[in-house]
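Coordinate analysis (summary)
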Amino acid sequence: MKPNVLLAIETSCDETAAAVIEDGKTIRSSVVASQMESHKRFGGVVPEIASRHHVEVMTIVMEQALEEAGVTPEDLDGVCVTEGPGLVGALLVGVNAAKAAAFAWDVPLIGVHHIAGHIYANHLVEPLEFPLIALVVSGGHTELVYMPEDGVYEKIGETRDDAVGEAYDKVARTIGLPYPGGPHVDKLAAEGTDSLGFPRVRLEADSYDFSFSGLKSAVINTLHNARQKGEEPEQADIAASFQAAAVDVLVEKTMRAVKEHGVSRLVVAGGVAANSGLRQALTEAAEKEDVQLTIPPLSLCTDNAAMIGAAGYVRFRIGQFSDDRLNGVPGLEL
Ligand code: KG4
Ligand code: ZN
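Residues numbered from 1 in each chain as written. Chains lettered and ligands numbered in written order. Predicted model: local features only at pLDDT ≥ 70, side-chain atom pairs only at ≥ 80, totals over all residues.

Section: the nonpolar core
Put simply, the rule reads: Nonpolar cores are identified as sets of buried Ala, Val, Leu, Ile, Met, Phe, Trp, Tyr and Cys residues joined via C-beta atoms within 7 Å. The burial criterion counts other C-beta atoms lying within 10 Å of a residue's C-beta, which is placed from the backbone; the residue is buried at 20 or more, exposed at 12 or fewer, and partly exposed between these limits. In this text, helices come from DSSP runs of H or I with a minimum length of four residues, and strands from runs of E with a minimum of two, each type numbered from the N-terminal end. The split of the chain into domains comes from an automatic or database domain assignment. The contact criterion used here is simple: two residues whose C-beta atoms, placed from the backbone, lie within 7 Å are in contact.
With 104 residues, the main nonpolar core has Ala 8 and Ala 18 as its most contacted residues. In terms of residue count, helix H8 (residues 235–260) provides more of this core than any other element does, 13 residues in total. When residues of this core are assigned to domains, at least three fall in each of domain 1 (5–119 + 301–317) and domain 2 (129–295). In contact with Ala 8, not counting residues within four places along its chain, are Ala 18, Ala 19, Ile 21, Cys 80, Ala 305, Ala 306, Ile 308, Gly 309 and Gly 312.

See the structure below:
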């Protein structure tokens with residue numbers, strides 16, 4: 001039988017991405033144009049700059065994805081696009097490009113939730129088996145999701161303030177590391193020790209929610225107090241202590257969710273899934289509890305369109321199409 005070929009588009013933040021995916025699991029092409037350099041000097045993503053960059057490269061990235069996959073528009077069975085959450089101006093560029101393409105090529109249009117995409121990045125590595133727990137950790141999200149079956153998402157916990165990646169980036173800025181700071185803090189943490197006793201914020205005993213702003217403030221206060229005394233704490237120890245506190249809580253809550261939902265599959269997604277401390281701690285915990293763990297390779301952890309095609313295929317298969325009213329929704333619920 002002829003495979004289903006979908007073009008997928010992702011523009012929710014600062015990457016303009018397009019991919020061609022076959023049967024929701026095989027990557028024929030995946031193109032990601034990063035704007036990181038343009039945002040670096042501002043220490044974070046500037047929404048207006050992001051939208052402008054998306055407009056400049058959107059069609060080039062789409063053409064490249066088709067060309068690298070060796071397909072023409074006639075070969076396509078549908079167009080998937082991230083409809084939210086994300087920056088509204090950024091989302092609109094992708095949504096409008098997808099609408100135009102689906103209309104011009106007369107194929108179905110499929111709106112996809114960005115977090116569903118991050119979770120289905122794992123499906124491109126190894127077929128997802130249900131039920132499962134997904135830990136989504138990125139610059140914009142920290143969420144625990146229970147999936148009883150394909151395409152069904154129950155958000156059981158989320159951050160009440162900063163996303164974990166955001167906390168990483170802010171801590172990095174505080175100790176003078178470049179943006180995005182997560183990878184730099186991760187590297188530095190390996191050279192230090194967890195000696196500063198930063199708080200593990202667990203919230204209510206039965207809650208799967210997270211809070212990282214207290215931890216971030218503890219880092220800032222520790223530095224401030226030390227500097228007032230004319231001291232400068234070892235940067236590596238700050239990184240190691242921060243990372244240990246963040247990872248402890250993430251792993252603890254994730255493993256409790258796995259146990260309390262009686263699942264034996266755990267998947268991790270989002271940019272912070274690249275973190276070596278988190279990967280190691282989760283791998284150890286999963287082994288101990290006999291849980292099968294999947295963490296995608298780095299290229300599939302950070303924003304890309306292949307993951308949007310994988311998640312979109314679930315909707316495509318059951319005919320859950322969008323129409324020309326599809327819009328970018330910054331706060332879209334999972
Ligand atoms: O998923 P992603 O590419 O974009 C969002 O949707 O947010 O995640 C980016 C985030 C940034 O905050 C970055 O600092 C963080 O992921 N990150 C890391 C690491 N690599 C990327 N955080 C901790 N350790 C890492 N190795
Ligand atoms: Zn993301």
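Having seen it, we continue.
Side note on the UniProt feature "binding site: Fe cation" (unreviewed entry) in the protein chain
Where we set the bar: UniProt positions are given in the numbering used here, feature names are shortened, and annotations may be inferred rather than shown by experiment.
Feature annotation in UniProt places "binding site: Fe cation" (unreviewed entry) on His 114, His 118 and Asp 303, given in this structure's numbering. Across 190 residues of sequence, these annotated residues stay compact in space, with a maximum C-alpha separation of 8.9 Å. Within the element layout of this structure, His 118 appears in helix H4 (residues 114–120). Residue classification places His 118 among the buried residues on the basis of 31 C-beta atoms within 10 Å.

Some details on the site of ligand 1
Worth spelling out the cut-off: Only the C-beta atom matters for nearness: placed from the backbone, it must lie within 6 Å of the molecule or strand for the residue to count as near.
Around ligand 1 lies a shell of 19 residues, among which Ser 138, Gly 139, Gly 165, Gly 182 and Gly 271 are the nearest. When contributions to the shell around ligand 1 are tallied by element, the ones reaching two or more residues are helix H5 (164–174) and helix H6 (182–189). Split by domain, the residues of the shell around ligand 1 number at least three in each of domain 1 (5–119 + 301–317) and domain 2 (129–295).

Brief notes about helix H11 (residues 306–317)
Rule in force here: Here the expected length of a helix is defined as 1.5 Å per residue gap, with one fewer gap than residues.
A rise of 1.5 Å per residue sets the reference length of H11, with its 12 residues, at 16 Å; its end C-alpha atoms lie 17 Å apart and thus fit the reference within 8%. Buried residues dominate H11, accounting for 10 of its 12 residues. Within the sequence span of H11, burial applies to Ala 306, Met 307, Ile 308, Gly 309, Ala 310, Ala 311, Gly 312, Tyr 313, Arg 315 and Phe 316. The positive-phi residue at the C-terminal boundary of H11 is Gly 319, with phi of around 70°.

Some remarks on the packing of H8 against helix H9 (residues 276–288)
The criterion, for reference: Here the axes come from fitting lines to C-alpha atoms, over the contacting stretch only for helices, and the angles between their N-to-C directions go from 0 to 180 degrees. Note on convention: the crossing is left-handed when the near helix lies turned anticlockwise from the far helix by less than a right angle, right-handed when the turn is clockwise. Note that Gly is not counted as nonpolar here; it falls among the polar residues with everything else outside the nonpolar set of Ala, Val, Leu, Ile, Met, Phe, Trp, Tyr, Cys and Pro and the charged set of Asp, Glu, Lys and Arg.
Look at H8 against H9: their axes get within 10 Å of each other, and the N-to-C directions meet at 35°. Remark: the crossing between H8 and H9 carries right-handed chirality. Between H8 and H9, the residues in contact are Gln 243, Val 247, Leu 250, Val 251 and Met 255 and Gly 277, Leu 278, Ala 281, Leu 282 and Ala 285, respectively. Here the contact of H8 with H9 is built from residues that sort into eight nonpolar, two polar and no charged.

Some remarks on the sheet that holds strand S1 (residues 5–10)
Here is the rule we go by: Strands are treated as partners if at least two bridges between them are detected by DSSP.
Strand order in the open sheet made by the five strands is S3-S2-S1-S4-S5, with mixed pairing throughout. The open sheet has two edge strands, strand S3 (26–34) and strand S5 (109–113), and neither has a second partner. Each adjacent strand pair in this sheet contributes to an overall mean axis angle of 20°, direction not counted. One ladder, built from six bridges, connects S1 with strand S2 (residues 15–22); its direction is antiparallel. Within the sheet, the bridge partner assigned to Ala 8 lies in S2 and is Ala 19. Across the face of the sheet, H11 comes into contact with S1, S2, S3, strand S4 (78–84) and S5 while running at roughly 125° to S1.

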